[in-house]
Amino acid sequence: MFDKIEQKPDKKLLLVILALTVFGWIMSASASVGHFGTFSYALKQGLFILLGGVAAVLVLRLPLSFFKKHSLLAFIITLVLLVLVFIPGIGAGKINGAYRWIDLGLFNFQPSEMMKLVMILFMANFLVEEQEHVTKSLKGLFNALFIIALSGALTMAETDLGATIIITATALIMVFVAGSYVKELLYMGTTILLGLSIFVYFNPARWDRAISFWANDLWGKDGVHQTKQALLGIARGDWFGTGLGSGIQKYTKLPEPHTDMIFAITGEELGIVGLLFILFSFVYILTKGFRIAAKASRNGKKYSYYVAYGICSWFSMQISVNIAMNIGLMPIKGFTLPLISYGGSSMVFTIIALALLLRIDMENRADYSKRKTYV
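Residues numbered from 1 in each chain as written. Predicted model: local features only at pLDDT ≥ 70, side-chain atom pairs only at ≥ 80, totals over all residues. Heavy atoms only, no water.

S.K.: How do you make sense of the packing of helix 5 (residues 111-129) against helix 13 (residues 302-326) when you look at a structure like this?
M.R.: Each pair of packed helices can be summarised by the angle the axes make with each other and by the distance between the axes. One way to put it is that helix 5 packs onto helix 13 with a least axis distance of 9 Å and a crossing angle of 145°. As helix 5 runs across helix 13, the sense of the crossing is right-handed. Within the contact between the two elements, helix 5 uses Lys116, Leu117, Ile120, Leu121, Ala124, Asn125, Leu127 and Val128 and helix 13 uses Lys302, Tyr303, Tyr306, Val307, Gly310, Ile311, Trp314 and Gln318. Across the contact of helix 5 with helix 13, the residue classes break down as eleven nonpolar, three polar and two charged. (Axes fitted to C-alpha atoms, helices over the stretch in contact; angles between N-to-C directions. Helix = DSSP H or I, 4+ residues; strand = E, 2+ residues; numbered from the N terminus. Left-handed = near helix turned anticlockwise from the far one by under 90°. Contact = heavy atoms within 4.5 Å. Nonpolar A, V, L, I, M, F, W, Y, C, P; charged D, E, K, R; others polar.)

Written out as structure tokens, the structure reads:
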């Protein structure tokens with residue numbers, strides 16, 4: 001099962017990932033201690049990072065062929081977990097108006113975070129096995145749509161619109177890079193978008209949130225409170241911030257300062273300099289990731305290419321949406337900032353995804369005789 005490979009993980013990429021992870025833990029600790037008055041969230045986040053690190057070490061020792069071989073099983077297991085959130089005694093119940101978590105005692109597990117990665121692994125395998133159908137007939141596209149719909153129906157039932165959008169968009173991007181016809185893909189995307197729009201329209205709370213953000217003056221009496229407070233926090237930070245732990249927005253102004261709004265808290269306490277550190281770190285990781293994907297494609301390793309491209313597309317969208325929410329360009333939605341925001345399931349699967357990127361890079365750099373066995 002484990003694969004001996006002479007290549008080591010890219011030192012620069014690994015260093016940036018580790019630095020951003022430690023930075024995120026410090027910032028989420030500052031935000032959670034200020035908001036809740038306890039170190040328990042910081043300690044839990046440290047445990048989640050440790051669990052992710054252990055999983056990452058295992059991933060680095062496994063060839064991509066292992067994940068390709070077991071991707072269908074992982075997809076089925078994740079679908080079952082998405083159903084279990086609704087089962088009394090197993091699911092954690094309704095939290096903040098949604099059923100998204102499984103109660104594991106010490107913490108809650110969120111299967112939709114797992115699906116973000118598993119969808120990439122399974123869709124990549126599907127695209128490799130069904131390459132001809134996907135690129136030359138509607139049958140392949142309909143099969144891909146069925147896979148996306150299975151996941152989307154369950155995450156929508158949980159009322160997890162954010163995860164549904166990320167998972168669906170990532171899968172569609174992967175289908176596109178596999179060589180699908182643009183016209184058919186547009187039909188497919190339009191159908192999915194129409195379904196999401198109908199869901200939002202018939203959900204009064206979500207519809208009001210979307211409409212109020214675009215229809216009302218942000219700084220008027222009907223403006224979105226969280227967005228205003230996030231912008232005020234960033235403005236207070238100026239270039240160098242008020243100092244680590246010295247921000248005030250995290251106490252009562254922002255309801256989720258350690259998760260969705262961590263970017264604004266960073267701006268307040270560490271200023272534009274802190275925000276630029278986050279942005280440049282992500283730019284480096286994503287640039288490196290897309291180059292890893294391109295090299296896998298040149299080496300003829302289609303599965304590795306699709307996985308790497310899918311992971312980078314997922315991160316690109318989630319990072320962009322989270323930052324856009326924090327600076328007032330989009331309505332507030334439940335999107336965590338990878339490696340920075342508090343969240344066990346999100347942190348663990350983000351670290352595993354980045355470990356997969358590092359593993360693909362290691363396989364890209366392997367000797368030709370060894371590389372022939374990779375996917």
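S.K.: Help me understand the pattern of salt bridges in this model?
M.R.: A side chain of one charge can pair with a side chain of the opposite charge if their charged atoms are brought near each other. Taken as a whole and assessed by the stated rule, the structure comprises seven salt bridges. Between glutamate 113 and lysine 116 there is a salt bridge, with its nearest N and O atoms 3.1 Å apart. One end of the pair is glutamate 113 and the other is lysine 116, both in helix 5 and three residues apart, which spans about a single turn. Overall, glutamate 113 belongs to the buried group, its relative accessible area being 7%. We classify lysine 116 as buried; its relative accessible area is 6%. In this structure, the salt-bridge partner of lysine 250 is glutamate 269, at a minimum N-O distance of 2.7 Å. Taken together, the residues span a long stretch of sequence, with lysine 250 in the loop between helix 11 (225-237) and helix 12 (262-298) and glutamate 269 in helix 12 at a distance of 19 residues. The exposure classification of lysine 250 matches that of glutamate 269, with both residues buried. (Salt bridge = Lys/Arg side-chain N within 4 Å of Asp/Glu carboxyl O. Buried < 20%, exposed > 50% of the residue type's maximum accessible area, 1.4 Å probe, protein only.)

S.K.: How do you make sense of unusual backbone geometry when you look at a structure like this?
M.R.: Keep in mind that most residues, glycine aside, have a negative phi and that most peptide bonds are trans. Even without being a glycine, aspartate 238 presents a positive backbone phi close to 50°. Structurally, aspartate 238 can be placed in the loop between helix 11 and helix 12.

S.K.: What's the story with the nonpolar core in this structure? I'm lost.
M.R.: For soluble globular proteins, nonpolar side chains are generally found buried alongside one another. Ranked by internal contacts, the top residues of the largest apolar core, which has 105 residues, are Leu117, Met123, Leu127, Val307, Ile311 and Leu337. When sequence neighbours within four positions are dropped, the list of residues in contact with leucine 337 reads Ile262, Phe263, Ile278, Phe282, Ile319, Asn322 and Ile323. (Core = buried A, V, L, I, M, F, W, Y, C linked by side-chain atoms within 4.5 Å.)

S.K.: What is the right way to read a nonpolar patch on the surface from this model?
M.R.: A contiguous nonpolar surface patch, about 690 Å² in accessible area, is contributed by Trp239, Phe240, Ile272, Val273, Leu276, Leu279 and Phe280. Looking at the element boundaries, leucine 279 is found in helix 12. For leucine 279, a relative accessible area of 33% translates into the label partly exposed. (Patch = residues over 30% accessible without salt bridge, like charges linked within 9 Å, V, L, I, M, F, W, Y side chains within 5 Å. Areas by Shrake-Rupley, 256 points an atom, 1.4 Å probe, with all protein chains shown as cover.)

S.K.: Mind showing me how you'd approach the environment of threonine 164 here?
M.R.: On the secondary structure map, threonine 164 appears in helix 8 (residues 161-177). You can call threonine 164 buried: its relative accessible area is 2%. The spatial distance from the C-alpha of threonine 164 to the C-alpha of isoleucine 285 is 24 Å, given a sequence separation of 121 residues. Those residues in contact with threonine 164 that sit more than four places away from it in its chain are Gly152, Thr155, Met156 and Leu196. A polar atom in the side chain of threonine 164 sits 2.8 Å from the backbone oxygen of aspartate 160. (Polar contact = N/O pair within 3.5 Å; in protein donor to acceptor, adjacent residues only side chain to side chain.)

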